[in-house]
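# Working through the structure, step by step
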Amino acid sequence: GISTISLTLNVKMVLYVIGLGLGDEKDVTIRGLEAIKSSDKVFLECYTSILSVDKNKLEEYYGKEIVIADRDFVECQAEDIYLPAKEGNVALLVVGDPVCATTHTDIMLRAFELDINVELIHNASVMGAAGSCGLQLYTCGQTISIPFFEDNWRPTSFYSKIQYNRGGGMHTLCLLDIKVKEPDFEAMKRNKIVFLPPRYMSVNTAAEQLIEAEEIEEGGAYSPTETLCVGMARLGQKDQCIIAGTLEELKEQDFGEPLHCMMICGEVHDLELEFLKKFMVEGSKFKANDHVLQGAAAAAAAKAAKVPEDDNE
């Protein structure tokens, strides 16, 4: 009896950070489901991504009540997620994989500082599912995020990363902006707390913004009319949509409901191109491996721009 009590007292509670995958309530792993069922509290982080099903479906399938952790909750009340793990098991559910967003890393770091036991349970994420289009993931460079352009804020910090990737022949995965529970600042001026409707960036909007970014930067990182790109929507779901073409072509396509992402191609292997053909816009004007031509043109322009040395000095 004494040894049994001793073992029980030494059992350490766990903060489980569990990936839910990309589809619906059934995409959770068996290990993830067992961890959820063993938890005293279950939170669903729902502002860095979304599932195709609502909270009620998850509660019914998992047999647990779920607390929604929206942006305000995660940023202002994160301790309500990890502190209870000092006294009981807690599950933080994350769409996709837990280590694909800095938000979850921050929560884990805070838990580590308090000597809370953290266990990661992985799942499919867009970082892997993007390979569904046929582009090889090991030839991808830095992943970028494209934020919504606003009237007075049109950031192009992602541009140099695309340029760097394509300069090395690498593809660029583009994650598109999500706006959930954004405050209505006009309402706040009237002392009212109102949140704007959710917005999810489409491939169409991303293509338009990328075209504008090239017009602003003029660095030749990609060509809106020639560079091959791939638009993807609802990866991992039964109705996923993949369309390949130039930016000018993709901005006119219908990708349907969110979530969307994109790939900007670097050097395309023959096998990749063969796979992409079934997703190609009919009559597409893309030029395969145009990054080589653009790189050569940029180098020539840079050389021509140099001031010639004066041999007489």
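Residues numbered from 1 in each chain as written. Predicted model: local features only at pLDDT ≥ 70, side-chain atom pairs only at ≥ 80, totals over all residues. Heavy atoms only, no water.

### Re the confidence of the model for the chain
Formally: The score called pLDDT rates the predictor's confidence residue by residue, from a low of 0 to a high of 100. By definition, residues are in contact when any of their heavy atoms lie within 4.5 Å.
When pLDDT is averaged along the chain, the result is 88; 89% of the residues meet or exceed 70. Predicted confidence is poor over residues 1-9, with pLDDT under 50, and the contacts of this stretch with residues over four places away or in other chains come to zero contacts. Ignoring residues within four places in sequence, the model shows residues 309-313, a span with pLDDT below 50, making zero contacts including any to other chains.

### A few points about the pairing of strand β2 (residues 41-45)
Condition: Here the term buried applies to any residue with accessible area under 20% of the maximum for its type, exposed to any over 50%, and partly exposed to those in between, with areas from a 1.4 Å probe on protein chains only. Secondary structure elements follow DSSP: runs of H or I of four or more residues count as helices, runs of E of two or more count as strands, with numbering from the N terminus. In this analysis, strands are considered paired if DSSP registers two or more bridges between them. Orient the strands so they point away from the viewer, and a crossover whose first-strand-to-second-strand path over the helix runs clockwise is right-handed.
Burial analysis of β2 places four of its five residues in the buried class, which makes it a mostly covered element. As defined by bridge partners, β2 adjoins strand β4 (residues 90-94) across five bridges and the pair is classed as parallel. Residue pairing across strands places L44 opposite L93, the latter belonging to β4. What joins β2 to strand β3 (residues 67-69) is helix α3 (residues 55-62), and the crossover it makes is right-handed.

### What to know about the packing of aromatic side chains
This is how it is decided: Between the rings of Phe, Tyr and Trp (Trp by its six-membered ring), a pair exists once the centres lie within 6.5 Å; its type follows the angle of the planes, with under 30 degrees stacked, over 60 edge-to-face, and the other angles tilted. Here, a charge over a ring is recorded when the distance from Lys NZ or Arg CZ to the ring centre is within 6 Å and its angle to the ring normal is within 35 degrees.
Evaluated as defined, the whole model comprises four aromatic pairs. Ring centres 5.8 Å apart and planes at 40° place the aromatic pair F43 and F73 in the tilted group. Of this pair, F43 sits in strand β2 while F73 sits in helix α4 (residues 71-76), placing them 30 residues apart in sequence. Taking 5.8 Å as the distance between ring centres and 55° as the angle between the ring planes, the aromatic pair formed by Y159 and Y222 counts as tilted. With a gap of 63 residues between them, Y159 in helix α8 (residues 159-167) and Y222 in the loop between α10 (203-217) and β10 (229-233) connect regions that are remote in the sequence. On the accessibility criterion, Y159 (3% relative accessible area) is buried. Its guanidinium or amino end placed over the ring of F148, R199 lies 4.3 Å from that ring's centre, counting from NZ or CZ.

### Observations concerning the sheet that holds β2
This is how it is decided: Helix axes are fitted to C-alpha atoms over the stretch in contact, other axes to C-alpha atoms as well, and angles between N-to-C directions run from 0 to 180 degrees.
The five strands lie next to each other as β3-β2-β4-β1-β5, forming an open sheet whose pairing is parallel. Both edges of this open sheet fall to β3 and β5 (117-121), since each of them pairs with a single strand only. The mean angle between the axes of side-by-side strands here comes to 25°, regardless of whether they run parallel or antiparallel. Bridge count for β2 against β3 is three bridges, and the pairing is parallel. If you follow L44 over to β3, its bridge partner there is I68. Strands in contact with helix α2 (residues 30-37) are β1 (14-19), β2, β4 and β5; relative to β5, the strand with the most contacts, it is inclined by about 140°.

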